Amino acid sequence: MEIQRTIKYEAELDRQFAYEIAQSPGAETLFECIQCGACSAACPVSIYMDLTPRRVIAMTREGFKHEVLSSLTIWLCSSCYACTVECPVGIKVTDVMYALKQRAIKEGYGPRKVLTRLLAQSFFQAVKEDGRATERKVMLRLYRRAGLDHLIRMAPLGLKLWRTGRLSAFGTERIKNPAEVRTLLECLEEQEGGKSP
Amino acid sequence: MSGYAYYPGCSLLGTGKSYDESVRAVFEALGVPLQELENWNCCGATAYSSIDECTAFALAARNLALAHRRGDPILAPCPNCYLVLTKTQRYLEQYPEIRQRIVQTLERLGLNLGHDVPIRHPLQVLSETPGLEAIRQKIQKPLKGLRVAPYYGCLLARPYPIVEDPWNTTILEDFIRVTGAEVVPYAYRTRCCGGALTGVVREAGLRMVYILLREALRQGAQAVVTTCPLCQFNLEAFQDQALRKNGIQERIPVLYFTQLLGLALGLPPKKLGLHRHLIPFQPQRKALQEAVA
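Bear in mind the structure is a predicted one, so any value in this text is a computation, not a measurement.

Colleague: Any chance you could explain the overall build of chain B here in plain terms?
Modeller: The number of helices and strands found in chain B is 13 helices and eight strands. Relative to a compact globule of 293 residues, whose C-alpha radius of gyration would be 19 Å, chain B shows 19 Å and is just as compact. For chain B, the spread of C-alpha atoms along the principal axes amounts to about 70 × 45 × 35 Å. Counting all 293 residues of chain B, 65% fall into the buried class. If you take every contact in chain B between residues at least 6 apart in sequence, the share linking residues at least 24 apart comes to 77%. Surface summary for chain B: the accessible area is close to 10,900 Å², and the carbon and sulfur share equals 50%. Distance between charge centres in chain B, computed from 32 positive and 25 negative side chains, equals 6 Å.

Okay, here's the thing in structure tokens:
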């Protein structure tokens, strides 16, 4: 039988991580969390999470970078802002979740099976190309990346939507000068030192 | 001033097409001018914030700058667009460093961000111009006897509510009552529909859809009225799966509040995009059936 240490030594924690996350907009009061759990109680998805929002805040604050960034929680957050308006110390928990998602994408974390991440990337690319997100294009890309079984499972619904004129079959919504949006995004990326996924 | 700078957003060009059609039809019928914001781009939505907050702000900011140049308030029927545009405006006021980066980038494109372009939702606009009383005068086909569950969804209620007191507001209920329909008590009116989860984490998404629909049915509603294209899509397109899984045979149509209003104003169903719905809404037939029974 192989046994493993199940606790983390303090030296293994990433304190810097906590400070970096606390610097993102909306997360300034991260260190003031009183662990009341109002966020977890308000969250309609917390019953599916491996770490509840309260634990995510606690663990982020203590520097459990690896655990937080590999959790399912950040990909389950549906951005409903229920936690954000309940937090008694004003932590915008939804924004913390966004900051964690950004870090996870940037550093290659995240379970492969969760499509949330693929959706964000498909969306990002579509907007960069066209300035707008044509739903069919985003969805097709998402499910193509996710695998054929996903594509097949979504096909009947896609067909129904197409029949009712809610999903254009070929056309792509594009602004007159998509280059303008690309310039906008690239300018910012330059300032950041290149950051697209 | 050429009326509201109408910002449909990406969903209203696709799955939410009937929201676009019904907003335009109702505004026209009530004489409130709107004109699409020319060359608008995607607001960035929630997906974009997962990649990078700053570029998400930049996308929204370009639209704010376009509206500023035109000099009209933005009309955003999609609560997601409403949120992202409003949040961007607030955050750019709050974080001068981010604002500066965005302002500089926009300047390269010859755009000026400006300050405080008003961003409004149709519920707010119509409750002021022409106002509920004036709308009441124009009702031609009251939807008598129809029982409706009012569903706001998340983002009109929080974090930047369209009304002063989101806990006690009745703005959507008031619109439903104006059409002559009856409002059923609906405790989940601002509970999340699951957003993109139906597409990416199916199990969780279906459960959230089921909870909302079950409550509407339990209250005896004959239709759910929404203000959001994603809510409408989730509650309608995944309804069959969500309810079948839980052994419920009934189905319930999910409409936009502008469609309900349009019907009561006497506009033709086709102009309101009702033919695009997967679960047909036939109030006349239902009333007839009940009269016979």
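Colleague: Which parts of the structure should I look at to understand the side chain of Glu 21 of chain B?
Modeller: Residue and element names in this part refer to chain B. With respect to the element layout, Glu 21 can be found in helix α1 (residues 17-29). Residue classification places Glu 21 among the buried positions, given a relative accessible area of 19%. Setting aside anything within four residues of it in sequence, one finds Glu 21 in contact with Lys 271, Leu 272, Gly 273 and Arg 276.

Colleague: Looking at this structure, I do not really get the domain arrangement of chain B. What am I missing?
Modeller: Think of interface size as the accessible area that goes away when the parts come together; that is how it is often given. Residues and elements named next belong to chain B. As assigned here, chain B comprises domain 1 (4-120) and domain 2 (140-292). The straight-line distance from the C-alpha centre of domain 1 to that of domain 2 is 26 Å. Each side of the interface is counted separately: domain 1 has 25 residues, and domain 2 has 23 residues. Where domain 1 abuts domain 2, roughly 2,000 Å² becomes buried across the two surfaces, and 72% of that area is made up of carbon and sulfur atoms. Summed over the three residues of domain 1 that lose the most area to domain 2, namely Tyr 19, Pro 79 and Tyr 82, the buried surface amounts to 27% of that side.

Colleague: For this particular structure, what's the right way to read the sheet that holds strand β8 (residues 254-256) of chain B?
Modeller: Each strand in a sheet pairs with another by means of backbone hydrogen bonds, the pair being arranged parallel or else antiparallel. Residue and element names in this part refer to chain B. Pairing is parallel across the open sheet formed by four strands, whose spatial order is β6-β5-β7-β8. Of all strands in the sheet, those with a lone pairing partner are β6 (182-183) and β8, marking the two edges. As defined by bridge partners, strand β5 (residues 147-151) adjoins strand β7 (residues 223-226) across four bridges and the pair is classed as parallel. Bridging across to β7, Ala 149 finds its partner in Val 224.

Colleague: Is there a simple way to explain the packing of helix α8 (residues 116-130) of chain A against helix α9 (residues 135-146) of chain A in this structure?
Modeller: When two helices pack together, their arrangement is given by the angle between their axes and by how far apart the axes lie. Residues and elements named next belong to chain A. Relative to each other, α8 and α9 sit at 140°, their axes nearing to 9 Å. One element, α8, and the other, α9, form an angle in the oblique class. Judged by the twist between their axes, the crossing of α8 over α9 is right-handed. Between α8, through Leu 118, Leu 119, Gln 121, Ser 122, Phe 123, Gln 125, Ala 126, Glu 129 and Asp 130, and α9, the contact on the second element is made entirely by Lys 137, Val 138, Arg 141, Leu 142, Arg 145 and Ala 146.

Colleague: Looking at this structure, I do not really get the interface of chain A and chain B. What am I missing?
Modeller: Facing the 60 residues of chain A at the interface are 65 residues of chain B. For the pair chain A and chain B, the summed buried surface comes to about 5,600 Å²; carbon and sulfur atoms form 63% of the total. Counting every contact that joins chain A to chain B gives four salt bridges. Here chain A and chain B share 20 residue pairs in polar contact (both at pLDDT 80 or more) between them.

Colleague: Could you clarify how one ought to interpret the sheet that holds strand β3 (residues 74-75) of chain B in this entry?
Modeller: Residue and element names in this part refer to chain B. Taken together, four strands build an open sheet; the order of strands is β2-β1-β3-β4 and the sheet is parallel. Two strands close off the open sheet at either side, each with one partner strand: β2 (34-36) and β4 (119-120). Judged from the two bridges that link them, β3 and β4 form a sheet pairing that is parallel. In the strand pairing of β4, Ile 74 is matched with Ile 119.

Colleague: Honestly, the pattern of salt bridges in this entry has me stumped. Any pointers?
Modeller: Close approach of charged atoms lets side chains of opposite charge pair. Evaluation of the coordinates by the stated rule reveals 32 salt bridges over all chains. Here Arg 120 of chain B ties to Glu 128 of chain B by a salt bridge, and the two come within 3.0 Å at their closest N and O atoms. Owing to a relative accessible area of 18%, Arg 120 of chain B belongs among the buried residues under this scheme. Each of Glu 129, Asp 130, Lys 137, Arg 141 and Arg 174 of chain A takes part in one network of salt bridges that share partners.

Colleague: Even after reading the chapter, I still don't get helix α12 (residues 257-264) of chain B, so can you show me in this structure?
Modeller: In an α-helix there are 3.6 residues to a turn, and that puts residues three or four apart on one side. Residues and elements named next belong to chain B. Burial analysis of α12 places eight of its eight residues in the buried class, the great majority of the element. Phe 257, Thr 258, Gln 259, Leu 260, Leu 261, Gly 262, Leu 263 and Ala 264 are the residues of α12 that are buried. Where α12 is buried, its residues contact α1, α6 (122-138), β5, α7 (171-178), β7 and β8. The positive-phi residue at the C-terminal boundary of α12 is Gly 266, with phi of around 90°.

Colleague: Whenever I open this one, the packing of aromatic side chains confuses me. Can you help?
Modeller: Remark: the centre distance and the inter-plane angle together describe each pair of aromatic rings, the angle taken between the planes. Within this structure, the stated rule accounts for eight aromatic pairs over all chains. Ring geometry for Tyr 19 of chain B and Tyr 256 of chain B: centres 4.2 Å apart, planes at 0°, overall stacked. With Tyr 19 of chain B in helix α1 and Tyr 256 of chain B in strand β8, the pair connects residues that are 237 residues apart, well separated along the chain. Ring centres of Tyr 91 of chain B and Tyr 95 of chain B lie 5.5 Å apart, and the angle between their planes is 55°; on these two criteria the pair is classed as tilted. Judged on exposure class, the residue Tyr 91 of chain B and its partner Tyr 95 of chain B are both buried. An aromatic cluster is present here, built from Phe 57, Tyr 91 and Tyr 95 of chain B joined pairwise through their rings. The cationic tip of Arg 5 of chain A hangs over the ring face of Tyr 9 of chain A; the distance from NZ or CZ to the ring centre is 4.0 Å. Across the ring face of Tyr 188 of chain B, the terminal group of Arg 191 of chain B is positioned such that the distance to the ring centre comes to 5.5 Å.

The rules we used
- Residues numbered from 1 in each chain as written.
- Chains lettered and ligands numbered in written order.
- Predicted model: local features only at pLDDT ≥ 70, side-chain atom pairs only at ≥ 80, totals over all residues.
- Heavy atoms only, no water.
- Helix = DSSP H or I, 4+ residues; strand = E, 2+ residues; numbered from the N terminus.
- Rg over C-alpha atoms; globule rule 2.2 N^0.38 Å.
- Buried < 20%, exposed > 50% of the residue type's maximum accessible area, 1.4 Å probe, protein only.
- Contact = heavy atoms within 4.5 Å.
- Areas by Shrake-Rupley, 256 points an atom, 1.4 Å probe, with all protein chains shown as cover.
- Lys, Arg positive; Asp, Glu negative; His and termini not counted.
- Charge placed at Lys NZ, Arg CZ, Asp CG, Glu CD.
- Domains from an automatic or database assignment.
- Buried area = accessible area lost by both parts, 1.4 Å probe.
- Pairing = 2+ DSSP bridges.
- Axes fitted to C-alpha atoms, helices over the stretch in contact; angles between N-to-C directions.
- Parallel < 35°, antiparallel > 145°, perpendicular 65-115°, else oblique.
- Left-handed = near helix turned anticlockwise from the far one by under 90°.
- Salt bridge = Lys/Arg side-chain N within 4 Å of Asp/Glu carboxyl O.
- Polar contact = N/O pair within 3.5 Å; in protein donor to acceptor, adjacent residues only side chain to side chain.
- Phe/Tyr/Trp six-rings, centres within 6.5 Å; stacked < 30°, edge-to-face > 60°.
- Lys NZ or Arg CZ within 6 Å of the ring centre and 35° of its normal.

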